[in-house]
Each structure stands twice: as C-alpha cells, then as structure tokens.
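Examining the three-dimensional arrangement
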Amino acid sequence: MKVIEIMDTTLRDGEQMQGVSYAPEEKLSIAQILLTEVKVDRLEVTSAKASVGEKEATTLITKWASEVGLLNRLEILTFVDKDKSIEWAKSVGIKRINLLTKGSQKHCEEQLKKSQDQHLFDIEETINYAIKNGIEVNVYLEDFSNGIKNSPDYVYKMIDRLKTMNIKRIMLPDTLGILNPFDTFDYLSKIVQTYPEVHFDFHPHNDYGLGVANILASAKAGVRGVHCTVNGLGERAGNPSLDEVAVGLKDFLNIRTNIDEKKLYKISKIVETFSGQRMATNKPIFGSNVFIQTAGIHADGDKKGNLYSNNLIPERFGRLREYALGKLSGRANLEINLKKLGIDLDEGQEKILLDKIVELGDKKKSITIEDLPYLVSDFFESRKEMPFKLINCVINSSYNLKPFAAIKCSYNGEDIEAYDYGDGGYDAFIRALKQILNKFRIKIPKLVDYVVTIPPGGKTDALVQTTIYWETKEGEKPLITRGLNSDQIMAAIEATVKLVNEIIEKNSSK
C-alpha cells in the first residue's frame, strides 16, 4: 500500500482565515494533539517575522517538541531574504523551513521586479545560509498553478535548478485555487515522471470547492506529500479539510497515511472552539447532521440490514448514527430511538406518538431523542377526551407593564372568555382561569411546587416539560400534573388544564 505524507498547516495557512487568531497556549494545544494523537507527519506552525505573539507561540511549541523528540516535524514559512528569516527561525528553535519562492514568471517579474536568474541566485544564497546554520529546507513554488499553465518553461527551469541545491522537498501550491482534478493530474503526472527522484508536495486551495478532489488527483499522479488544515480553515474559501483528505486517500486510492481517524473529531472540535469558526452542519464527516438519517425509508432500510450505510460509518470516527424525529419520520425512526431509551410501546401507542411527532415537525419543532420520554409521559398519562378545554390563550408580558392574560375555555357546551392581570404570565392566566371556574363552582388547589425540565443539550426551541405539584389533604401525596410544550408558560398552562379535568372527573365520580 502506498504511503503519503500529510503536512498540516492549520496554525499557519489556517490562521490566515479572516477572524481567526490563536493565543500561544491554544497553538501549543493544537500542535500537541495534531502531532501526538492525530499523528500528522509534519506541522507548519507560523510565518517567520510575523509578530511578537507568533514568536512566543512558536517558541512554546519548539520547546515542547524538543522535549518529546518531535522537533524535526515542525516547519515554518520563510522568505527569500538571505539571513533575516533564518535568524528568526534560529531564535525560536526551528530546524526546518518552507522557503517561499516564485512559481510563476508573472509573480517573479511583476512582484519581485527580477529576472528568473536573479531570483534563483537569491534563493540559492538563502538556502546556503540556512544549511550553514543547520536548518533543513523545503521550497514552495508560489503560484505554481498559474506558472504551469502560462509559463511552463519557467516552472521546469525552477525545478531543474532547485534539485541541484540542498533541499528536501519541492512544494507545488495552487495558490489561487484555479486547478481542477483533470488538470492537476495531467500537470503533476508529467512533473513526477520527469523528476522521479524529487519529493513533491501538493498544496491546494478551495476556491472552487475542489481542494480535496485536487489532492486525490495529485496523489494519483504520484506526489509524496499533501497539505491540508483542520476543518478546512484558510484564506478566502480555505484549504482542503484534514479529515476529508485522510479518508478520501484511504477509501478511494487505497493510500495509507499515519492519521488516527478516531482522533480527528477531537481536534476538529478543539479547533472549532479556539478559532470561533463553526462548521456547517452538513460538512462531510464531522458536520453535526452527517450521521443523522431523516427520511423514514432510510431508517427502515438500516433497520433491515444497513441498506443506507456506506464506508463512512460513524463508529469509524468515534461517533454514533442518529435517526431524526420530525415530519419526515417513519415508524422505523421512532422504533430505533425508543429502543435506545428502553421504552416499549404497542403498535397503537407508537402510531399516536408518531402522529404527534409529525404534527410538531410541521410546526418546525425540532424533536430530539431526549424529548421522547417527555412526549411519552405526556401523551400516555391519559388518552381519554377531556371535558374542560382551553380554546384560545394570549399571554402578554412586557417590561414595566403588568402581565396580562386573555383566555377562552369550553365546558358543558358553553364557551366562556375571561381576562386578568398578574405578577407574571402564568399568574395572570390562573387569575383569568379562576373567573371561568368560579361560574362552574370548580376550585383548584394551591400550587405547592413547580418544576421545569429541559432536555440535556436542548436548544431554545426544545420541548419543555413542566411538572406542577398541587396541595391535597394532609397526609396525602401532592397531586401531580405535567405539561409539554416548547413554550415554558404554555407547558405550565397545559399542566393546569389537566388538573382541572382531574378535579372534574373526581367530582363526577362522587
């Protein structure tokens, strides 16, 4: 099985993403996990002469890496400036540099205002100074993709000269993300075949969303190393994502890397936290939705034989598959989730519960597995028709104004409206409700306790279960009613309406 090097540049190229900046301690933590747990082969940690903070961070990383024998896996970006970048590298303890040279004639002549020969002279001078100071050199051919398209003779002359110098790798960046997989394969195949003894890396960008595809094409063409970042961070549209690269190389090309797949999710979440850049929910592999089956037919197929699974099984990455509950759910979705919770319902009860889930889904309510126990307890405490009904209810709570409730209820074939003010929305409801109940000589007991429970990890629209304890005769257990709603006050109101019906039932049985 072919092996390919993975160079991670989250801490250098990834930090060029707008709004991303790591503290020194954060950079150290990311570096430690990438090298010792994820096991990337090389780590590009910064650009020379960047800032005082970068110098502090890089020194922290190199000090730690020296202590654990990993210093030879660290790299920094440097520039063709003879001794300045090299001296900076020495000051932070770095032993390998990635020298940024011009990979296109246009960049060389228009940005540097130099001929190719003049640029090559400066490059060699800088490389010799690095070697003299005990620092290993890799070389970037910046804007290589435009160079190979528009000035191929310039690119080949660069490689011809560079391979005579004391360098380890020639790194070919698609700096502006302009390549597609077909061109990538054609250009790199020719280069690799022309210089089979040279170690080439490929460094793509994701402007067209083709970064990972271009890496696969480059690997098929024969490059020995590829570059990526955690979560695809990077300038503009970013870089190929480390997890997608490692998985793609293995699954599609049977190319081995040293990456520990089960540690990828951990570093992904840490970088997400430190960078402040949240992953899209549908990002491949680690988006929050990618291992959630929504359609009922998919859940049914998985239940009958994993018919809707592929090689990206969640357990491969230390995750679990989930089955969404909502308007597209089928019985299989519900049964799988009930089984996980150890809840047994008969066929009729399952249908009632599923109908309610679909109804909530139509109202754009998000139902999670954590909501299910609440739904079950709410809908199966009592399924009989309730004689006292709440038809309409408006609660108005305002700043510096007294809360107000207007309600309409139905009992004994009569619809009655009432309104009142209170010290809170629920208190206003109770006051209005008592006006209606007084007409029927129904008294509700004193509220003893009021407990609101939200599912763990619940969102703002999560279902809320409100449990209310009502006063009973001395020595008797409190009467308990529950309500379930995504609105906390409405959940309490549902629990109160249940109480009224229990009182009516109790009175009618006497």
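A few points on the structure. (Residues numbered from 1 in each chain as written. Predicted model: local features only at pLDDT ≥ 70, side-chain atom pairs only at ≥ 80, totals over all residues. Heavy atoms only, no water.)

1. Notes on the overall build of the protein
Scanning the protein for helices and strands turns up 17 helices and 16 strands. Total accessible area on the protein is roughly 24,600 Å²; 50% of this is exposed by carbon and sulfur atoms. (Helix = DSSP H or I, 4+ residues; strand = E, 2+ residues; numbered from the N terminus. Areas by Shrake-Rupley, 256 points an atom, 1.4 Å probe, with all protein chains shown as cover.)

2. A short note on empty space enclosed by the protein
Applying the stated criterion to the full structure yields one cavity of 30 Å³ or more. Approximately 40 Å³ is the volume found for the largest cavity. Elements represented by at least two residues in the lining of the largest cavity include exactly helix 10 (242-253) and helix 11 (264-275). It is helix 11 that provides the largest number of residues to the lining of the largest cavity, a total of three residues. (1 Å grid on protein atoms, 1.4 Å probe; cavity = no way out; pocket = protein on both sides within 12 Å on 5 of 7 lines; lining within 4 Å. Points joined across faces, edges and corners; volume = space filled by probe spheres on them.)

3. Quick look at the packing of helix 16 (residues 425-439) against helix 17 (residues 488-508)
As a packed pair, helix 16 and helix 17 sit with axes 10 Å apart at the nearest point and diverge in direction by 25 degrees. Here helix 16 lies roughly parallel to helix 17, going by the angle between them. By crossing handedness, the relation of helix 16 to helix 17 is classed as right-handed. From helix 16, Gly-425, Tyr-426, Phe-429, Ile-430, Leu-433 and Leu-437 reach across to helix 17, where they touch Ile-489, Ala-492, Ile-493, Thr-496 and Val-500. A per-class count over the contact of helix 16 with helix 17 returns nine nonpolar, two polar and no charged. (Axes fitted to C-alpha atoms, helices over the stretch in contact; angles between N-to-C directions. Parallel < 35°, antiparallel > 145°, perpendicular 65-115°, else oblique. Left-handed = near helix turned anticlockwise from the far one by under 90°. Contact = heavy atoms within 4.5 Å. Nonpolar A, V, L, I, M, F, W, Y, C, P; charged D, E, K, R; others polar.)

4. Thoughts on the sheet that holds strand 14 (residues 447-453)
Spatially, 14-15-16 is the arrangement adopted by the three strands of the open sheet, whose pairing is antiparallel. The strands lining the two open edges of the sheet, one partner per strand, are strand 14 and strand 16 (479-485). On average, adjacent strands in this sheet sit at an angle of 15 degrees to one another, irrespective of strand direction. Pairing between strand 15 (residues 464-470) and strand 16: seven bridges, direction antiparallel. (Pairing = 2+ DSSP bridges.)

5. Observations regarding the nonpolar core
If you look at the biggest cluster of nonpolar residues, it comprises 83 residues, and the most contacted ones within it are Ile-191, Phe-200, Leu-242 and Leu-249. Residue contributions to this core peak at seven residues, all from helix 1 (residues 24-38). Listed in part, the 28 residues of the second largest apolar core include Ala-405, Leu-437, Phe-440 and Ile-503. (Core = buried A, V, L, I, M, F, W, Y, C linked by side-chain atoms within 4.5 Å. Buried < 20%, exposed > 50% of the residue type's maximum accessible area, 1.4 Å probe, protein only.)

6. Considerations on the sheet that holds strand 7 (residues 200-203)
Note on sheets: strands pair through backbone hydrogen bonds, and any given pair is parallel or antiparallel. The strand order around the closed barrel formed by eight strands is 1-2-3-4-5-6-7-8, and the pairing between neighbours is parallel. Within the sheet, the average angular offset between the axes of one strand and its neighbour, ignoring direction, is 30 degrees. Each of strand 2 (42-47), strand 3 (74-79) and strand 4 (96-102) touches helix 3 (residues 84-92); the most contacted strand, strand 3, lies at about 155 degrees to it.

7. Points about the packing of helix 5 (residues 116-132) against helix 7 (residues 152-162)
Contact pair helix 5 / helix 7: the axes reach a minimum separation of 11 Å and the direction vectors enclose 30 degrees. Considered as vectors, helix 5 and helix 7 are oriented roughly parallel to each other. In terms of crossing hand, the pair formed by helix 5 and helix 7 is right-handed. In this structure, helix 5 uses Gln-116, Asp-117, His-119, Leu-120, Ile-123 and Glu-124 to contact helix 7, whose residues at the interface are Tyr-154, Lys-157, Met-158, Arg-161 and Leu-162. Along the lines of polarity and charge, the residues of the contact of helix 5 with helix 7 split into five nonpolar, two polar and four charged.

8. Structural notes on the pairing of strand 2
Across the six residues of strand 2, six count as buried, placing the element largely inside the fold. As judged from the two bridges shared by strand 1 (residues 5-8) and strand 2, these two strands associate in the parallel manner. Paired with Met-7 across the two strands is Arg-42, which belongs to strand 2. Where the polypeptide runs from strand 1 across helix 1 and back to strand 2, its parallel neighbour, the crossover connection is right-handed. Of the strand pairs in this sheet, strand 2 and strand 3 are connected by four bridges, and their pairing is parallel. Residue pairing in the sheet places Leu-43 in a bridge with Leu-74 of strand 3. At this point the chain moves from strand 2, through helix 2 (residues 52-68), to the parallel strand 3, and the crossover so formed is right-handed. (Right-handed = clockwise from strand over helix to strand, strands pointing away.)

9. Description of unusual backbone geometry
Positive phi, close to 65 degrees, is recorded for Asp-143, a residue that is not glycine. According to the relative accessible area criterion, Asp-143 is buried, its value standing at 3%. Located in the positive-phi region is Asn-412, a residue other than glycine, with phi close to 55 degrees. Note that Asn-412 resides in the loop between strand 12 (401-411) and strand 13 (414-421). On the basis of relative accessible area, Asn-412 is assigned to the exposed category, the value being 61%.

10. Focus: helix 10
Its 12 residues give helix 10 an end-to-end C-alpha distance of 16 Å, which sits within 8% of 16 Å, the value for a rise of 1.5 Å per residue. Every buried residue of helix 10 is listed here: Leu-242, Asp-243, Glu-244, Val-245, Ala-246, Val-247, Gly-248 and Leu-249. Residues of helix 10 that are buried in the fold lie against strand 1, helix 1, helix 9 (211-221), strand 8 (225-228) and helix 11. Trailing helix 10 by a residue or two, Asn-254 shows a phi angle of about 55 degrees, which is positive. (Expected span 1.5 Å × (residues − 1).)

11. Brief notes about the environment of Lys-498
Inspection of the secondary structure puts Lys-498 in helix 17. Given the relative accessible area of 16%, Lys-498 is considered buried. As for Lys-498 and Arg-482, which are separated by 16 residues in sequence, their C-alpha atoms are 7.7 Å apart.

12. Remarks on the side chain of Asp-174
Structurally, Asp-174 is set in the loop between strand 6 (169-173) and helix 8 (181-194). No salt bridge forms around the buried Asp-174; measuring N to O, its nearest opposite-charge neighbour Arg-236 is 7.3 Å away. A polar contact is formed between the side chain of Asp-174 and the side chain of Ser-145, at a distance of 2.7 Å. For Asp-174, the residues in contact, after removing those within four places along its chain, are Ser-145, Leu-179, Phe-202, His-203, Pro-204, His-205 and Asn-214. (Lys, Arg positive; Asp, Glu negative; His and termini not counted. Salt bridge = Lys/Arg side-chain N within 4 Å of Asp/Glu carboxyl O. Polar contact = N/O pair within 3.5 Å; in protein donor to acceptor, adjacent residues only side chain to side chain.)

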